[in-house]
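Here is how the chains run, residue by residue.
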Amino acid sequence: MPRRTNQLRDVTIESFPTAAAGSVLITAGQTRVLCTASIASQTPRWIPTDDDGNPEHGWVTAEYAMLPGSTPDRKRRGNDGRSTEIQRLIGRSLRAGVDLKRMPGLAVTCDCDVLSADGGTRTAAITGSWVALVHALRTARTDGLIKANPVIGPVAAVSVGIIDGTPHLDLDYPLDSRADVDLNVVMNHKEEYIEVQGTAEGTPFDRKRLDQLLELAGKGIRSLIKTQRATLKKLKQSKA
């Protein structure tokens, strides 16, 4: 049965065993991204320190890569301009959901490895990495690396676009390749925007169309946040 224009692809976020403090596999249709969150006790040198030389806050960053077999034509290894832009987006998005001052001296790197790419890899990476990050921060608290909970609230992302004059939610590759307008939207649990990336691929769009797309994205992100919370609840119960 064809997916409705306002319907997300089937999305799951599940635990995935790795050596990282937090690790999940997010699946959105045929797109699959492995998201891990690794903890380090050494923050970047540029972070300011107090009078005793202790870092005043922590840091969260991200790395993104598409594995060679993630696309029909082999993807060559190594970072390129697109990957660098995407990992910066992921890092900005994740930092918007934590209070860095409540995790002094702690650095978390979220690695996003695309196993299968069928559109929406960057938005899936953000949504999945948030779960991995929270799981890692729980571990940091349990291990006494930080005293307070730095989590402000969930962060998730989704793509929207206009195809043949109609707004669509959560673009897979066939839809994305035909889109006249393409947006990536990142929001938090308060429905506040963290980032909006929009391009008129074919036909310019007006404010009315933009508002329609943002409303559609908000609907999708509310559903994604429910999935994030459900996964985090399962992870907490399995660790108890």
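Residues numbered from 1 in each chain as written. Predicted model: local features only at pLDDT ≥ 70, side-chain atom pairs only at ≥ 80, totals over all residues. Heavy atoms only, no water.

So, about the packing of helix α1 (residues 81–95) against helix α2 (residues 121–142). The N-to-C vectors of α1 and α2 enclose an angle of 40 degrees; their axes lie 10 Å apart at closest approach. In terms of orientation, α1 and α2 fall into the oblique class. As for the relative orientation of α1 and α2, their crossing is right-handed in sense. Contact with α1, carried on its side by R82, E85, I86, L89, I90, S93 and L94, involves T121, R122, A125, I126, S129, W130 and L133 of α2 and no other residues of that element. (Axes fitted to C-alpha atoms, helices over the stretch in contact; angles between N-to-C directions. Helix = DSSP H or I, 4+ residues; strand = E, 2+ residues; numbered from the N terminus. Parallel < 35°, antiparallel > 145°, perpendicular 65-115°, else oblique. Left-handed = near helix turned anticlockwise from the far one by under 90°. Contact = heavy atoms within 4.5 Å.)

UniProt records the feature "binding site: phosphate" (unreviewed entry) at R82, G120, T121 and R122, using the numbering of this structure. With the annotated positions falling across 41 residues, the maximum pairwise C-alpha distance of 13.6 Å places them together in a single cluster. Those annotated residues from the list above that line the largest cavity are G120. In this fold, R82 is placed in helix α1. Other than its neighbours up to four places away in sequence, R82 contacts Y64, M66, T121 and R122. Within the element layout of this structure, R122 appears in helix α2. Under the relative-accessibility criterion, R122 is labelled buried at 15%. Beyond its immediate chain neighbours, meaning those up to four positions away, R122 contacts R82, E85, I86, L89, N184 and Q197. (UniProt positions renumbered as here; feature names shortened; annotations may be inferred. 1 Å grid on protein atoms, 1.4 Å probe; cavity = no way out; pocket = protein on both sides within 12 Å on 5 of 7 lines; lining within 4 Å. Buried < 20%, exposed > 50% of the residue type's maximum accessible area, 1.4 Å probe, protein only.)

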